[in-house]
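Each chain is listed here by its residues.
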Amino acid sequence: MKNVHNIQSFYFVGIGGIGMSALARYFKRMGKEVFGYDKTPSTLTTTLISEGISIGFIDEVSEVPTILHPESSLIVYTPAIPKQNRLLQHFSSEGFDLIKRAALLGEITKNTLCLAVAGTHGKTTTSAILGHLLAECGMPVTAFLGGIVENYNSNFICKGHEITVVEADEFDRSFLQLRPDIACVTSMDADHLDIYGDASAIEDAFQEFTALLPKKENLLYQKGLPLEGQTVGVLESADFEAQHIRIEDGSYIFDLKTPTITLRDLQFYLPGHHNLFNAITALGMAILAGSPTDCLPKALLSFKGVQRRFSYKIKRDDLVLIDDYAHHPTEIDALFQAVSEMYPKDEKLIVFQPHLFSRTRDFGAQFARSLSQFDEVVLLDIYPAREEPIEGITAAWLLEMIPSKKKQTATKEALSALLKSSSCRVQLLVGAGDIGAEVQKITNTLKDEA
């Protein structure tokens, strides 16, 4: 494997992916030639093109830039790219070096102070808060993020190269490619059973990941997980603990107790105990990384959130529209806790697009229970992503399992009219599939008809 910093040209197969695009931005900023392919244009690919990155959308060898040569170029891809992709087959047959996104991230970060955020839920928000805290406190940080952070309108923060913040992704065991110096594990719920088979295999992988750390004290983890390090807790005793939590004007006010200091009256605007947990974890990692503590309260206060993570699209007396990426029952439970805490007296409608046939099958009963907490439930068709359909596993199958009176399936085209006719003041658009592309259309329609 060549030294990645000596390579002149990078070609990203699947450049529109949130993790891939952050890497593309990194190498563009380093003065490299950056190219890419994706199946379909998106807001993200349009932004990358505006930043000077050349992107094609046709899977044909004729589209490959002539500047690419095996000795001076690197081809980056993700597990989501199908093996029959013509571009990948071409690069492989022509002697180009090919590397998975996770391995490239490991190469970039290995000579830095690497802060890795792991967990089946909360990675993006926690790493975004952490990257923001370090940047605001003047630390020399580069952060590769899995979402668009409102403060930067980007999934990439670059204030120096000595510290890196990365999401340690458990999918495909990618996080084992990293060499973390400081890490956290926010959660270890069963997920990606198509990869792991069962929950014990997921637990084994997380324990293998945490064993990569130089010392166990550099691990922060959710209290109760079978790990060794320092614990994080909300409303429970832990090494890093939120105390005296209250809500004032739509934000949390709390004290952060750590093993060495207590920071008082911190203010944080993201709703939900899960987000408060993410903030405590990020604060703890920033402290372990040597961040000056006197700047942390102001930095936390200024964090504006991540797009599609409890993102307010409309906030009126008659309608609250919220967009969220939740795609696992635990995440839907956390979303319900957050929205109930903020709007305890209002009826709530959820539009949910299940993500993956296998996940819907594996967690059908849990999805049904989680969704039934809402007053009205609307299901879209399952978003397949990388999968082929599984016989009998459909949105209608999931709907049958939900013990609610007000429930239905719907098409994306019918959503605006359906939401407009609902009596629920609080409405949520939820899922990790292409429902995200519908959010702005629905928002515009409901605003226009106000």
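Residues numbered from 1 in each chain as written. Predicted model: local features only at pLDDT ≥ 70, side-chain atom pairs only at ≥ 80, totals over all residues. Heavy atoms only, no water.

**Q** Before we go on, may I ask you to explain the state of the cysteines in this structure?
**A** What the rule picks out here adds up to one disulfide. Two residues, C137 and C295, share a disulfide whose sulfurs are 2.0 Å apart. Across the disulfide from C137 to C295, rotation about the S-S bond amounts to roughly 120°, and the bridge is consequently right-handed. With C137 in the loop between α5 (123–136) and β7 (141–149) and C295 in the loop between α8 (273–288) and α9 (296–301), the pair connects residues that are 158 residues apart, well separated along the chain. A residue is classified by how much of its surface remains accessible, and C137, at 12% relative accessible area, is buried. With no disulfide of its own, C114 has C184 as its nearest cysteine by sulfur position, at a separation of 11 Å. Look at C114 and you get buried, because its relative accessible area is 0%. (Disulfide = S-S within 2.5 Å. Helix = DSSP H or I, 4+ residues; strand = E, 2+ residues; numbered from the N terminus. Buried < 20%, exposed > 50% of the residue type's maximum accessible area, 1.4 Å probe, protein only.)

**Q** How do you make sense of the side chain of N275 when you look at a structure like this?
**A** Mapped onto the fold, N275 is located in helix α8. The class for N275 is buried, based on a relative accessible area of 3%. Each residue touching N275, except ones within four places of it in the same chain, is listed here: T125, F268 and L270. (Contact = heavy atoms within 4.5 Å.)

**Q** What is the right way to read the sheet that holds strand β16 (residues 311–315) from this model?
**A** By definition, the strands of a sheet pair up through backbone hydrogen bonds, in either a parallel or an antiparallel sense. Reading across the sheet, the six strands line up as β16-β17-β21-β18-β19-β20 and stay open at both edges, with mixed pairing between neighbours. Across the chains shown, the open sheet's two edge strands, defined by having one partner strand only, are β16 and β20 (407–409). If you compare each strand with its neighbour and ignore which way they point, the axes differ by 15° on average. Taken together, the four bridges between strand β18 (residues 348–352) and strand β19 (residues 376–379) define a ladder with parallel strand orientation. Bridge pairing in β19 places L349 opposite E376. Here helix α15 (residues 436–448) sits on the sheet and contacts β16, β17 (320–324) and β21 (426–430); the angle it forms with β16, its principal contact strand, is near 15°. (Pairing = 2+ DSSP bridges. Axes fitted to C-alpha atoms, helices over the stretch in contact; angles between N-to-C directions.)

**Q** I keep staring at the nonpolar core and nothing clicks. Help me out?
**A** Within soluble globular proteins, side chains that are nonpolar generally end up buried alongside one another. Counting 47 residues, the largest nonpolar core has F254 and F268 as its most contacted members. In terms of residue count, the dominant contributor to this core is α8 (nine residues). What F268 contacts, discounting residues up to four positions off in sequence, is I129, S251, Y252, F254, N275, L276, A279, L300 and F303. I15, A118, L213 and L219 belong to the second-largest nonpolar core, a separate cluster that totals 45 residues. (Core = buried A, V, L, I, M, F, W, Y, C linked by side-chain atoms within 4.5 Å.)

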